[in-house]
Amino acid sequence: MVEPAIPLPQALAPAQFTHPQANRRTVLDGVHIGYHLRRGQRRTIGFSVGAEGLTVSAPRWTTLGEIDTALREKQRWIIAKLGEMRARHDKLEAARIDWREGASLPFLGEPVILLLDPRQRHGAGGAVLDTAVDALPDALAGIPRLTLHIGLPHTATPAQLRDTTQAWLMRQARRHFTQRLDHFAPQLGVRWQKLSLSSAGTRWGSASADGSIRLNWRLIHFRQPIIDYVVVHELAHLREMNHSPRFWQHVQDVLPDYAERRGELKDEALPGW
């Protein structure tokens with residue numbers, strides 16, 4: 001007997017989305033939704049779908065019947081957005097790093113295995129990337145080929161492993177981003193003055209008119225083409241401090257496929273820390 005991929009009760013249960021602050025419930029096209037209803041001084045009913053679920057904002061005088069009608073009118077958009085947010089959440093959870101020896105994390109788009117190596121003496125509590133196994137045959141594609149030897153004892157705590165790995169990644173990010181800025185700046189006819197690393201939750205980078213560039217160090221998890229798109233994007237702002245057609249033309253002059261890279265960046269999921 002072949003067992004179903006999903007337990008039968010779960011497979012037969014209706015889809016559900018519940019906001020943690022849900023104070024109203026509805027069923028749209030067979031989907032059970034618990035949403036957060038907020039009332040305030042506004043003229044129309046508004047809908048927003050975020051990581052927590054659906055929020056409905058309505059004028060104080062709007063009846064519940066009118067809100068239900070508006071929900072049904074927007075049900076296809078609401079269900080699609082809730083599905084997208086759940087898929088993204090599941091992707092993020094699958095990528096969450098388990099801070100222990102043998103855990104894997106992405107570096108420049110390739111998985112790297114963390115290895116505790118007390119003999120390793122690359123500075124106090126440093127780390128060294130072992131690239132000797134890069135010569136492994138392509139037949140092993142999908143199997144992590146790189147190991148990060150971390151100079152910590154086998155009794156190291158998850159927090160110590162995380163902090164040491166982050167410090168190494170940030171050093172690599174600064175070195176790598178500097179190289180890419182130096183590579184692309186002449187192509188755009190600009191000069192950058194200072195690089196700062198950020199940990200912003202919603203921005204990959206920014207540029208100032210004085211030539212200062214800020215890049216999110218977590219970009220180092222991504223593949224080179226995606227990193228290059230962000231680098232070129234910020235350097236182009238030194239030509240145009242806006243997102244006008246002229247700005248995008250500068251980006252396209254250097255990266256003709258920038259739109260594809262931009263789409264890939266939107267689809268990427270950072271590993272959970």
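It should be noted that the structure appears before, not after, this text.
Worth saying up front: this structure is predicted, and the values here are computed from it rather than measured.

*Asks:* Can you explain the overall build of the chain? Please cite residues and give values.
*Replies:* A count of helices and strands for the chain gives seven helices and twelve strands. Residue burial in the chain is summarised as follows: out of 273 residues, 39% are buried. Restricting to contacts in the chain with at least 6 residues of sequence separation, those with at least 24 account for 51%. Put simply, the chain shows about 15,800 Å² of open surface, and 52% of that area lies on carbon and sulfur atoms.

*Asks:* Lay out the sheet that holds strand E12 (residues 212-216) with the relevant residues and their values.
*Replies:* Pairing is mixed across the open sheet formed by three strands, whose spatial order is E10-E12-E11. Single-partner strands in this sheet number two, and they are strand E10 (194-198) and strand E11 (205-207). For this sheet the average axis-to-axis angle between neighbouring strands, irrespective of direction, equals 15°. In terms of strand pairing, E10 meets E12 through five bridges, oriented parallel. By the bridge assignment for E12, Leu197 is matched with Leu215. Here helix H4 (residues 158-188) sits on the sheet in contact with E10 and E12, set at roughly 140° to E10.

*Asks:* Kindly report on the environment of Trp273, identifying the contributing residues and their values.
*Replies:* Mapped onto the fold, Trp273 is located in the segment after helix H7 (258-267). In this structure Trp273 comes out as partly exposed when scored by relative accessible area, which is 23%. Sequence separation of Trp273 and Ile97 is 176 residues, and the distance between their C-alpha atoms is 6.0 Å.

Cut-offs applied
Residues numbered from 1 in each chain as written. Predicted model: local features only at pLDDT ≥ 70, side-chain atom pairs only at ≥ 80, totals over all residues. Heavy atoms only, no water. Helix = DSSP H or I, 4+ residues; strand = E, 2+ residues; numbered from the N terminus. Buried < 20%, exposed > 50% of the residue type's maximum accessible area, 1.4 Å probe, protein only. Contact = heavy atoms within 4.5 Å. Areas by Shrake-Rupley, 256 points an atom, 1.4 Å probe, with all protein chains shown as cover. Pairing = 2+ DSSP bridges. Axes fitted to C-alpha atoms, helices over the stretch in contact; angles between N-to-C directions.

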